[in-house]
Amino acid sequence: MGCCSSTEIKRDWKPLEERSCTDIPWLLIFILFGAGMAFICGYPIATGAASRLVRGYDSYGNTCGKNNTKIEGVPLSGRDMTENKYVFFLDPCNLDLINRKIKSLALCVSKCPAAELQTYNDVKQFALNNGSHLCSYDISPTRYTSHADRSTKCPKLPVLPSKSVPLLHRCIPTDIGCYAEFAQAFVTFVSDNSVLRRVVAGVMASKEIIMGLCLLALVLSLIMMVVIRYISKVLMWILTILVIIGSIGGTGVLWWLYADHRKALENNTLSVFGKEVASDNVKALLVYSIGATIFTVVLLLVMFFMRKRVALTISLFHVAGKVFIHLPLLALQPFWTFLCLMLFWVYWIAVLLTLGTSGTAVKNNSTGLVEYQMQGPYQYLVWYHAVGLIWISEFILAFQQMTISGAVVTYYFTRNKSQMPATPILSSMARTFRYHLGTLAKGSFIITLVKIPRLILMYIHSQLKGKENACARCMLKGCICCLWCLEKCLAYLNQNAYTATAINSTNFCTSAKDAFLILVENALRVAAINTVGDFVLFLGKVLVVACTAFAGVLALNYQREYTVWVLPLLIVSVFAFLVAHCFLSVFENVVDVLFLCFAVDSKYNDGSPGREYYMDKALMEYVENSKKSGLYKPGDGHGQELKSMARGGTSA
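Below is a short write-up of the structure. Quick caveat: nothing in here was measured; it's all calculated off a predicted structure.

1. Some points on the state of the cysteines
Okay, step 1: What the rule picks out here adds up to three disulfides.
Okay, step 2: Two residues share a disulfide in this structure: Cys64 and Cys108, whose sulfurs sit 2.0 Å from each other. Its torsion about the S-S bond being -85 degrees, the disulfide of Cys64 and Cys108 is classed as left-handed. Residue Cys64 is found in the loop between helix H2 (49–55) and strand E1 (86–89), and its partner Cys108 is found in strand E4 (residues 106–109); the two are separated by 44 residues along the sequence.
Okay, step 3: Residue Cys108 is classed as buried on the basis of its relative accessible area, which comes to 2%.
Okay, step 4: Disulfide pairing places Cys112 opposite Cys171 at an S-S distance of 1.9 Å. Disulfide Cys112-Cys171: the torsion about the S-S bond is -75 degrees, which places it as left-handed. Placement of Cys112 in the loop between E4 and helix H3 (120–130) and of Cys171 in strand E6 (residues 171–173) is noted, with a sequence separation of 59 residues between them. The same class applies to Cys112 and to Cys171, which are both buried.

Set out below in structure tokens:
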């Protein structure tokens, strides 16, 4: 189960051959963990918490819509609420953000007030006419207008019109203006309700335009995945020019500022204090200028020596575009991954809500009201449930990476593309289900181990904001940053380990070691791909966002009566970036898989008879050009030969 438990075995890379199950112990652990998640789901159902969540319950422990049992010490508990099926809050707009609940007395009523009730006499008439008592059970409707405790045991006036939420049986105000104050806590740039109303009105009036622009962003992202292989060379030159201009220009500006400040200092026109400040500025500018000069020289030298290797990035982008033409279902990976994540998150939130209503009814001595609390070992179920959120989410993302890796590996190592499986994506998914779920469980668990302490530190940092000293704040941020960097490095290694597993059908640790050795041997190529390639993809994302935002400005220009365009454009721009990021991240994964396949191919083959390359013509041209320039040494694979792939498909 550990990374050091297996013995070293010398073997050849054999793409898609000798398929076998990997990391079975981790699959069993993951199944047991899933059984624990199922127990957490069943516990609130068995204890009645799920019924309390769906039906609702009042502040005295009575579940609405059923006959209840008496709770010791709570006089108003144990009432028959068969006819009272809805939960009514006396002050529904009093929200507690910290504890995530409504700070209001809750009652079970037979009907939600559909019209606004201005006075206590209106509340009284509503109760007498409909049999729905909106004040506490110990107050008779005839005493609503004169009772001494009506300010605390009767609803806050005016009683806003409300209706029940489907499935959850809560009376929720129909006027969203009730939550204007709550919304303003998040929208800090809004200074008054009129601005908020104009912004909301602009969004509602522009909802068709917003939906159309979101669809445009989706189409542009799909187009970008195909055409980026044609514009990658242009984007590379743009990057090169921008870097050269930025580095040289920035260094020149610093030296100019140094000369200007030094000249002003030598003029002796400043006061004593001014001379001290100017002298410090001159020294700082000199240090900055020298540092910028060294950085620029090193950067230009690195770009000069890596200019040939940047060509590999362009070739990989070109081949990646071909992959999406041959495997169009790759473009659907973000859709099904997002769908799976959404379904799991909805399930997770539903179980979390039921856990919030689980446990034993406990009377609050200060208020006399009833709260449900889990006691004993059951109170730790929430933490187990939180770990499940992270691990299973990472597992779903890892499944997407393995599916992409398997499909791209099939494409790369099939010489005759006409003999590929009819649906390489589905074949890859089937292989992953049958053989490699244990590997995904182990890889995703490693990410979970790093993510959990980072999230805990982030929570501690947020809770101590304004209380801790500068040193503690700096240490916390440093730890969070280090864990974030470690998480990103492990995620990159995991992705390449999944690719090695897709090729060799080896366990996670062996695959990670093999992939790491390949990456170390090609460190400069990896650096070129991860710098130039990531920047090119970033420019692609910016292009999608810019085009979508520009189209949004043109479209919203026809609705000039709604002057607040900030929120509609912000919604469209954020959605466009997220969509472009999802799709171009798939493109980035494809490029990374292609690179590892290319590195393996170029290491174990040299193009001679019996050791022909599997690579595409674009990569072949790169190899030939590299041979001519002396940057490439073929056959550095100790004589191992890659086996030819199974014709006509691969077994699932």
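2. Quick notes on the environment of Ile456
Okay, step 1: In this fold, Ile456 is placed in helix H13 (residues 437–463).
Okay, step 2: A C-alpha to C-alpha distance of 9.3 Å links Ile456 and Ile480, two positions 24 residues apart in sequence.

3. Points about the packing of helix H11 (residues 381–412) against H13
Okay, step 1: At a minimum axis separation of 8 Å, H11 and H13 run at an interaxial angle of 135 degrees. Comparing their axes, H13 and H11 come out oblique. Every pair of crossing elements has a handedness; the one defined by H11 and H13 is right-handed. Here Val387, Ile390, Trp391, Glu394, Phe395, Ala398, Phe399 and Met402 of H11 come into contact with H13, specifically with Leu437, Thr439, Leu440, Ala441, Ser444, Phe445, Ile447, Thr448, Lys451, Ile452 and Leu455.

4. Some details on helix H15 (residues 508–521)
Okay, step 1: Spanning 14 residues, H15 covers 20 Å between terminal C-alpha atoms, matching the ideal 20 Å at 1.5 Å per step.
Okay, step 2: Burial in H15 covers these residues: Phe508, Cys509, Thr510, Ser511, Ala512, Asp514, Ala515, Ile518 and Leu519.
Okay, step 3: With a side-chain oxygen positioned 3.3 Å from the backbone nitrogen of Cys509, the residue opening H15 is Asn507.

5. Re the packing of aromatic side chains
Okay, step 1: The full count for this structure, using the stated rule, is 18 aromatic pairs.
Okay, step 2: Ring centres of Trp391 and Phe445 lie 4.9 Å apart, and the angle between their planes is 55 degrees; this geometry places the pair in the tilted category. Taken together, the residues Trp391 in helix H11 and Phe445 in helix H13 connect sequence positions 54 residues apart.
Okay, step 3: A residue is classified by how much of its surface remains accessible, and Trp391, at 3% relative accessible area, is buried.
Okay, step 4: Centre to centre, the rings of Tyr412 and Phe413 are 5.0 Å apart; their planes meet at 70 degrees, and the pair counts as edge-to-face.
Okay, step 5: What links up through ring pairs into an aromatic cluster is the set Trp26, Phe30, Phe33, Tyr384, Trp391, Phe395 and Phe445.

6. Looking at the nonpolar core
Okay, step 1: One finds Val323, Leu330, Tyr412, Phe587, Val590 and Leu594 to be the most contacted residues of the largest nonpolar core, which totals 73 residues.
Okay, step 2: If near-sequence neighbours (up to four positions away) are discounted, Leu330 is found in contact with Val323, Phe324, Ile404, Val408, Ile425, Val586 and Val590.
Okay, step 3: Membership of the second largest hydrophobic core comes to 30 residues, among which are Leu90, Leu117, Tyr144 and Val159.

7. Looking at helix H10 (residues 333–356)
Okay, step 1: Helix length check: H10 (24 residues) gives 34 Å between terminal C-alpha atoms against 34 Å at 1.5 Å per residue, within 8%.
Okay, step 2: Taken together, the buried positions of H10 are occupied by Gln333, Pro334, Thr337, Leu341, Phe344, Trp348, Val351, Thr354 and Leu355.

8. Looking at a nonpolar patch on the surface
Okay, step 1: On the surface, Phe538, Val542, Leu570, Val574, Phe577 and Leu578 cluster together into a nonpolar patch covering about 510 Å² of accessible area.
Okay, step 2: Listed by contribution, the elements that provide at least two residues to the nonpolar patch are helix H16 (523–556) and helix H17 (566–604).
Okay, step 3: With four residues, the top contributor of residues to the nonpolar patch is H17.
Okay, step 4: The residue Val542 is located in helix H16 in this model.
Okay, step 5: The exposure class assigned to Val542 is partly exposed, which follows from its relative accessible area of 39%.

Cut-offs used in this document
Each chain carries its own residue numbering, running from 1 in the direction its sequence is written. The model is predicted, so local features are restricted to residues of pLDDT at least 70 and side-chain atom pairs to those at 80 or more, both for listing and for counting; the totals for chains, interfaces and linings are taken over all residues. No hydrogens and no water enter the side-chain calculation; it runs on all heavy atoms of the structure. Criterion for a disulfide: a pair of cysteine sulfur atoms at a distance within 2.5 Å. Each helix is a run of DSSP H or I of at least 4 residues and each strand a run of E of at least 2, with the numbering of both proceeding from the N terminus. Each residue gets one of three labels from its accessible area relative to the maximum for its type: buried under 20%, exposed over 50%, partly exposed in between, using a 1.4 Å probe on protein chains only. Throughout, an axis means a line fitted to C-alpha atoms (over the contacting stretch in the case of helices), and angles, computed between N-to-C directions, take values from 0 to 180 degrees. Oblique is the label for any angle not covered by the other classes, which are roughly parallel (under 35 degrees), roughly antiparallel (over 145) and roughly perpendicular (65 to 115). It is the rotation of the near helix from the far one that decides the hand of a crossing: anticlockwise by less than a right angle makes it left-handed, clockwise makes it right-handed. Note on contacts: a residue pair is in contact if any heavy atoms of the two residues lie within 4.5 Å. Here the expected span of a helix is defined as 1.5 Å times the quantity of residues minus one. Whenever two N or O atoms come within 3.5 Å, that pair is a polar contact, provided that in protein one can donate a hydrogen and the other can accept it, and provided that, for residues adjacent in sequence, both atoms are side-chain atoms. Aromatic pairs are defined between Phe, Tyr and Trp rings, using the six-membered ring for Trp, whenever the two ring centres lie within 6.5 Å; interplanar angles under 30 degrees are classed as stacked, those over 60 as edge-to-face, and all others as tilted. What is meant by a nonpolar core is a set of buried Ala, Val, Leu, Ile, Met, Phe, Trp, Tyr and Cys residues, joined one to another through side-chain atoms within 4.5 Å. Each patch groups residues whose relative accessible area exceeds 30% and which form no salt bridge, using 9 Å between like charges and 5 Å between nonpolar side chains of Val, Leu, Ile, Met, Phe, Trp and Tyr. Note on areas: these come from Shrake-Rupley sampling with a 1.4 Å probe, and a residue is covered only by the protein chains present in the view. Any Lys or Arg side-chain nitrogen located within 4 Å of an Asp or Glu carboxyl oxygen qualifies as a salt bridge.

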